[in-house]
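Residue-level listing of the chains:
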Amino acid sequence: MDSHALLTVGILSAIGFCSCKNELLLNGPLDGAVGGSVEFTLINPPSPPPNLITWRFTGYTENIIVNSFSGGNETHVDYVGRISVNKTTASLKLRGLTHNDTGRYSVSFLISGVGYQGGTSLTVFDKISNVKAEANQHELVEFNSSVILTCSASGSYPSFRWFNRSADVTGSDNRTLTVVNVTRYDTGPFQCEASNAINVEMSSEVNLTIAYGPDSAVVTVKPPDSFYSSGSDITLSCSSESKPAAQFQWALNGTLLGREGPELRLENVQASQSGAYSCRAYNSKTHRSETSSPSTITVLERISGAAITSTGGVWIECKSSVILTCDAQGSIITREWRKDGNPLHGVNIDELNRTVSISPLKKEDKGYYTCQVSNPVSSETASKGLIVNCPLPPWVIVIIVIGVLIGVTAVIGISIFLLKKKGKLGLPMGRQAPPQNNASTCNEFPSVSSSSVPLSCRFIR
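Analysis parameters
Residues numbered from 1 in each chain as written. Predicted model: local features only at pLDDT ≥ 70, side-chain atom pairs only at ≥ 80, totals over all residues. Heavy atoms only, no water. Pairing = 2+ DSSP bridges. Helix = DSSP H or I, 4+ residues; strand = E, 2+ residues; numbered from the N terminus. Buried < 20%, exposed > 50% of the residue type's maximum accessible area, 1.4 Å probe, protein only. Contact = heavy atoms within 4.5 Å. Core = buried A, V, L, I, M, F, W, Y, C linked by side-chain atoms within 4.5 Å. Disulfide = S-S within 2.5 Å. Axes fitted to C-alpha atoms, helices over the stretch in contact; angles between N-to-C directions. Phe/Tyr/Trp six-rings, centres within 6.5 Å; stacked < 30°, edge-to-face > 60°. Salt bridge = Lys/Arg side-chain N within 4 Å of Asp/Glu carboxyl O.

A. Looking closely at the sheet that holds strand E14 (residues 159-164). Pairing in this open sheet of four strands is antiparallel, and the strands run E15-E14-E17-E18 from one edge to the other. The two strands at the open ends of the sheet, each matched to only one other strand, are strand E15 (167-168) and strand E18 (200-202). Relative to strand E17 (residues 190-195), E14 runs antiparallel, the two being bridged by six bridges. Considered in E17, the bridge of Trp162 is made with Cys192.

B. A look at the side chain of Thr355. In this structure, Thr355 sits in strand E35 (residues 355-358). On the basis of relative accessible area, Thr355 is assigned to the buried category, the value being 15%. Setting aside anything within four residues of it in sequence, one finds Thr355 in contact with Ile323, Leu324, Thr325, Asn348, Ile349 and Asp350.

C. Representation of the nonpolar core within the structure. If you look at the biggest cluster of nonpolar residues, it comprises 24 residues, and the most contacted ones within it are Phe40, Trp55, Ile65, Leu94 and Leu122. Mapped by element, the contributors of at least two residues to this core are strand E3 (38-40), strand E4 (52-58), strand E5 (62-69), strand E7 (83-85), strand E8 (92-94), strand E9 (103-111) and strand E10 (114-125). The biggest single contributor to this core is E9, with four residues. Residues contacting Leu122, with those up to four places away along its chain left out, are Leu30, Asp31, Gly32, Val38, Phe40, Leu94, Leu97, Asp101, Thr102, Gly103 and Tyr105.

D. Up close: the state of the cysteines. Under the criterion given, the structure shown has three disulfides. Covalent S-S linkage joins Cys151 and Cys192, the inter-sulfur distance amounting to 1.8 Å. Between Cys151 and Cys192 the disulfide shows an S-S torsion of about -90 degrees. By sign, it is left-handed. Of the two residues, Cys151 sits in strand E13 (residues 147-154) while Cys192 sits in strand E17, which places them 41 residues apart along the sequence. The class of Cys192 is buried, set by a relative accessible area of 0%. Note on cysteine connectivity: Cys238 is disulfide-linked to Cys279, with sulfurs 1.8 Å apart. An S-S torsion of about 45 degrees defines the bridge between Cys238 and Cys279 as right-handed. Here Cys238 is found in strand E21 (residues 234-243), whereas its partner Cys279 is found in strand E25 (residues 275-283), with 41 residues between them in sequence. Taken as a pair, Cys238 and Cys279 share a single burial class, namely buried.

E. Spatial organisation of the sheet that holds strand E12 (residues 139-141). Sheet architecture is open: four strands sit in the order E12-E19-E21-E24, paired in mixed fashion. Taken across any chain shown, the strands that pair with only one partner, and hence form the sheet edges, are E12 and strand E24 (263-266). Strand-to-strand twist across the sheet, computed as the mean angle between neighbouring axes with direction ignored, equals 30 degrees. Pairing between strand E19 (residues 209-222) and E21: seven bridges, direction antiparallel. Its bridge partner lying in E21, Lys222 is registered against Thr235.

F. The arrangement of the packing of aromatic side chains in detail. All told, the structure shown has six aromatic pairs when counted by the stated rule. Members of the aromatic cluster, joined through ring pairs, are Phe40, Trp55, Phe57, Tyr60 and Tyr105.

G. Representation of the pattern of salt bridges in the model. This model, assessed by the stated rule, comprises 12 salt bridges. A salt bridge links Asp327 to Arg354, with the nearest nitrogen and oxygen atoms 2.8 Å apart. Of this pair, Asp327 sits in strand E31 (residues 322-329) while Arg354 sits in the loop between strand E34 (348-349) and E35, and the two are 27 residues apart along the sequence. The partner of Lys339 in a salt bridge is Asp340, and the shortest N-O contact between them spans 3.4 Å. Owing to a relative accessible area of 43%, Asp340 belongs among the partly exposed residues under this scheme. Through salt bridges with shared partners, one network takes in Glu142, Arg184, Asp215 and Glu241.

H. Representation of the environment of Glu263 in the model. Looking at the element boundaries, Glu263 is found in strand E24. The class of Glu263 is partly exposed, set by a relative accessible area of 46%. Measuring from C-alpha to C-alpha, the distance between Glu263 and Cys238 comes to 6.4 Å, with 25 residues separating the pair along the chain. With residues near it in sequence (within four places) discarded, Glu263 still touches Thr235, Leu236, Ser237 and Trp250.

I. Fine view of the pairing of E5. E5 sits mainly inside the fold: six of its eight residues count as buried. Pairing of E4 with E5, which is carried by seven bridges, proceeds in the antiparallel orientation. Across the sheet, residue Phe57 finds its bridge partner in E5, namely Asn63. Two strands pair when backbone bridges link them, and E5 and strand E6 (residues 72-75) are joined in this way by four bridges, in the antiparallel orientation. Bridge assignment links Phe69 to a residue of E6, and that residue is Gly72.

Purely geometric numbers; function is a separate question.
Right under this line is the structure:
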């Protein structure tokens with residue numbers, strides 16, 4: 001080293017870090033990882049480049065790291081092989097970092113007799129590693145249980161954050177996370193993030209098993225319908241939100257049927273099986289149960305054997321009365337009466353539409369009566385003809401008899417007239433009439449009874 005350089009080093013060493021006129025701005029504060037490297041750079045590098053640059057460390061000890069000049073470097077033994085100095089920018093690169101490198105770093109130099117000085121700091125960290133998340137229990141019951149999750153990590157000055165299903169858990173900046181009265185949405189996966197100024201690491205996932213329910217027990221009926229015909233097959237299914245899966249029991253009108261399982265099959269169902277079906281869901285872990293709303297099943301027997309019966313037979317006298325009764329086998333919901341194809345009016349029909357009463361009968365009551373018996377799954381029509389026999393009034397009968405007698409008399413009179421006119425009484429058609437002197441023959445029997453007189457003579461007389 002020449003005498004000028006030695007003099008400069010001596011001056012800088014003597015004055016230390018005095019309050020200089022021109023302060024240098026350095027990057028930082030800096031963070032580094034054990035085994036890594038950092039570079040101290042000047043934001044306002046010197047111009048022109050200084051002849052002598054001195055870097056100093058103040059930490060667990062105080063050392064001049066290096067005096068760098070145009071002819072070479074004087075390096076402290078602790079930094080040999082670990083540093084590089086850029087003589088143009090005055091920057092310093094430090095490698096192979098250890099915790100002992102944590103401290104303050106400063107640089108100084110002279111340019112044209114003017115001193116320059118600046119400093120920054122370095123903190124050396126161990127990298128974050130071995131991040132683990134653990135729960136104090138893994139099987140819990142919704143609303144009843146609480147869980148404590150703990151995070152651990154290797155490395156310097158770790159800070160922690162918790163995530164549930166990749167979402168940040170608000171306010172979870174501690175090593176432990178406590179979830180009170182867990183819900184079904186707290187199953188995770190939970191992860192812990194550990195970080196420091198150097199790096200960030202995530203833990204493996206922690207999953208919780210949370211028993212819940214049963215909730216919302218629902219009965220589904222297939223095929224869905226309001227009414228079912230006897231003999232149909234019906235399947236009822238029960239579902240519920242539950243973990244583990246719920247156990248199911250079936251009830252009819254509130255009475256347990258002794259049937260278990262998520263399905264209830266009703267095969268060849270009969271009307272006696274109609275009613276309100278419900279299921280009860282039970283969770284053996286939560287010891288809770290839920291009963292569904294009832295589903296009403298209405299089974300109807302098909303209509304058959306529809307018939308109309310009447311009092312008095314088919315021929316019924318006027319002014320009498322008749323009762324028509326409509327009956328059938330099966331589940332009768334409605335009866336509809338018609339007469340000659342038209343809705344039946346003007347007669348007495350009972351509340352059930354079962355009987356029709358007509359009194360007194362009139363001639364216009366005769367006709368063709370039908371009754372349609374039906375329910376939502378079937379129907380059948382019965383029919384009956386009704387003939388009303390109304391006798392004629394006496395005066396009508398008298399007129400008819402007189403008319404008949406008059407008619408008969410007129411016919412006889414006309415016949416006699418025509419025969420007399422022709423004069424052919426007692427002769428066959430096509431033969432000549434007897435001679436006129438035969439009339440005297442008829443006079444020969446003046447005192448003889450008419451039964452002995454010839455027919456032709458009787459008419460002449």
